[in-house]
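# Descriptive structure summary
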Amino acid sequence: QTARRGSLSSLKEVDRSSESLRVLDSVRDLSLDSIRALGSGMSSDFDQAPCIKLGGLEDYVDNIMRSRRLIFIACGTSYHACLAARQLVEELTCVPVTLELASDLLDRQAPLFRDDTCVFVSQSGETADTLNALKYAKHKGALCLGITNTVGSSISRETDCGVHVNAGVEIGVASTKAYTCQILVIVMIALKLSEDSISKMPRRQEIMRDLLNLPSMMKKVLEKESLIKELAKELASENSLLAFGRGYNYATAMELALKVKELSYMHSEGILAGELKHGPLALIDETMPAVVVATRDSLREKMWSTIQQLLARKGRLILLVSKDDADMCDHFSANKSLRIIKVDTICDCLQPILNIVPFQLLSYHLTILRGFNVDQPRNLAKSVTVE
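Conventions adopted
- Residues numbered from 1 in each chain as written.
- Predicted model: local features only at pLDDT ≥ 70, side-chain atom pairs only at ≥ 80, totals over all residues.
- Heavy atoms only, no water.
- Core = buried A, V, L, I, M, F, W, Y, C linked by side-chain atoms within 4.5 Å.
- Buried < 20%, exposed > 50% of the residue type's maximum accessible area, 1.4 Å probe, protein only.
- Helix = DSSP H or I, 4+ residues; strand = E, 2+ residues; numbered from the N terminus.
- Contact = heavy atoms within 4.5 Å.
- Disulfide = S-S within 2.5 Å.
- pLDDT = per-residue confidence, 0-100.
- Pairing = 2+ DSSP bridges.
- Axes fitted to C-alpha atoms, helices over the stretch in contact; angles between N-to-C directions.
- Right-handed = clockwise from strand over helix to strand, strands pointing away.

## A few points about the nonpolar core
If you look at the biggest cluster of nonpolar residues, it comprises 80 residues, and the most contacted ones within it are Phe72, Ile147, Ile189, Ile207, Leu350 and Phe359. Here this core gets 12 residues from one element, more than from any other, and that element is helix 9 (residues 177–193). For phenylalanine 72, the contacting residues outside a window of four places in its chain are Cys82, Val89, Val97, Thr98, Leu99, Glu100, Val119, Val121 and Ile186. One finds Leu242, Phe244, Ala273 and Val321 within the second-largest nonpolar core, a separate group that totals 22 residues.

Here it is, written out as structure tokens:
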């Protein structure tokens, strides 16, 4: 049993070590002309501005932009990827965006209309609830767009248009590189849909510049594995772990909690930091470990306040902060009871891709230390093909 578990674990190591390369593969959907323009400085001529090439969407961009709503429909980790990218899609397209868990959409028989665009996100492309939601949306006449990691899957065949994630085959049941690449693909879709907007061009250029730096930044995060392993040793005997995030990083907290619970079988809960005083604060004391995602973005001050409130209740905190945020690093480094993980700063909409990597490593090492199978957690399947 030990030998078998070790073999599977080594396969998972190969899988996650290639994560930054898979992100690079997805980034390659930027045209070569775009890369040259980004590297040499942007031209002020709008006609020479960089663009995103997504062949599966080219004929449908106008229809999507005329939609009443963009509705992202997914399950599990794929839902969290949609949650991480929702804010940017709203910002760049100015179209209302809603998120739906596929099973809940079907349970409610939620109203869909012909001028809605439904985006179905699934790693396997065979998820039963997502497929049933797709059939429901087609019956209602909505435009259906697929985002899947599997060429020739049911979702890729039955949707009107879509994008292949290009994350490569995932070995383990728990999704890791597919999650980061799904976020990336949704970001690129938002960039594609907004390419005719002159007012959005500076923001788009900022994002595309940082897209090219993303793979190298992810490699730097993966180099912090020894620090993450020591942290896992401290947490291995715990029964619960809380995770707090806000804005783009609410999805990071949710995905961290899901990975910890499905792999290490430790109770874990992702919490929106803005809801702290509406119940979760009662759980905080010196015995409760909590992760706070507080990298530099527009909500930094609010996350600083969250940390202070948790410390006032003697919380055992693990902070994820930006390496270049000297004020936060210096202020909290003086507290020896805190554990601090530092990552590079990138464009706010891409930061969740960097931020989740330390916690994927954490869930991996927690699982090994607790003696469980990393690649095949109990009661779970890679592709959920039944309701």
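## Examining the state of the cysteines
In total, this model carries 0 disulfides according to the counting rule given. Of all cysteine sulfurs in the structure, the one in cysteine 349 sits closest to cysteine 347, which takes part in no disulfide; the separation is 3.6 Å.

## Thoughts on the confidence of the model for the chain
Of all residues in the chain, 87% attain a pLDDT of 70 or more, and the chain-wide mean is 87. Across residues 1–11, confidence stays below pLDDT 50; counting only partners more than four residues off in sequence or on other chains, it has 13 contacts. Every residue in residues 29–47 is under pLDDT 50, and counting partners more than four places away or in other chains gives 30 contacts.

## Some points on the sheet that holds strand 6 (residues 240–245)
One open sheet holds the 5 strands; their spatial order is 7-6-8-9-10, and the pairing between them is parallel. Each edge of the open sheet carries a strand with a single partner, namely strand 7 (267–272) and strand 10 (339–343). For this sheet, the mean angle separating the axes of adjacent strands, direction not counted, is 20°. Bridge count between strand 6 and strand 7: 6 bridges; the pairing is parallel. Residue phenylalanine 244 lies in a different strand from strand 7, and its bridge partner there is isoleucine 271. On the sheet, helix 14 (residues 326–333) packs against strand 9 (316–322) and strand 10 and is oriented at approximately 155° with respect to strand 9.

## Some thoughts on the pairing of strand 8 (residues 289–293)
Across the 5 residues of strand 8, 5 count as buried, placing the element largely inside the fold. The side-chain alternation of strand 8 yields two buried faces, one formed by Pro289, Val291 and Val293 and the other by Ala290 and Val292. Relative to strand 8, strand 6 runs parallel, the two sharing 3 bridges. Among the inter-strand pairings, leucine 242 is bridged to a residue of strand 8, identified as alanine 290. Relative to strand 9, strand 8 is paired through 5 bridges, and the arrangement is parallel.

## A look at the pairing of strand 3 (residues 116–122)
Regular strands show a simple pattern: their side chains alternate between the two faces of the sheet. In terms of burial, strand 3 is a largely internal element, 7 of the 7 residues being buried. Of the two faces of strand 3, both are covered, the one formed by Asp116, Cys118, Phe120 and Ser122 as well as the one formed by Thr117, Val119 and Val121. Alignment of strand 1 (residues 69–74) against strand 3, held across 5 bridges, turns out to be parallel. Looking across to strand 3, one finds that arginine 69 is bridged to aspartate 116. Pairing of strand 3 with strand 4 (residues 143–148), which is carried by 6 bridges, proceeds in the parallel orientation. When the sheet's bridge partners are listed, valine 119 is paired in strand 4 with leucine 145. This β-α-β element, strand 3 to helix 7 (residues 128–140) to strand 4, shows right-handed connectivity.

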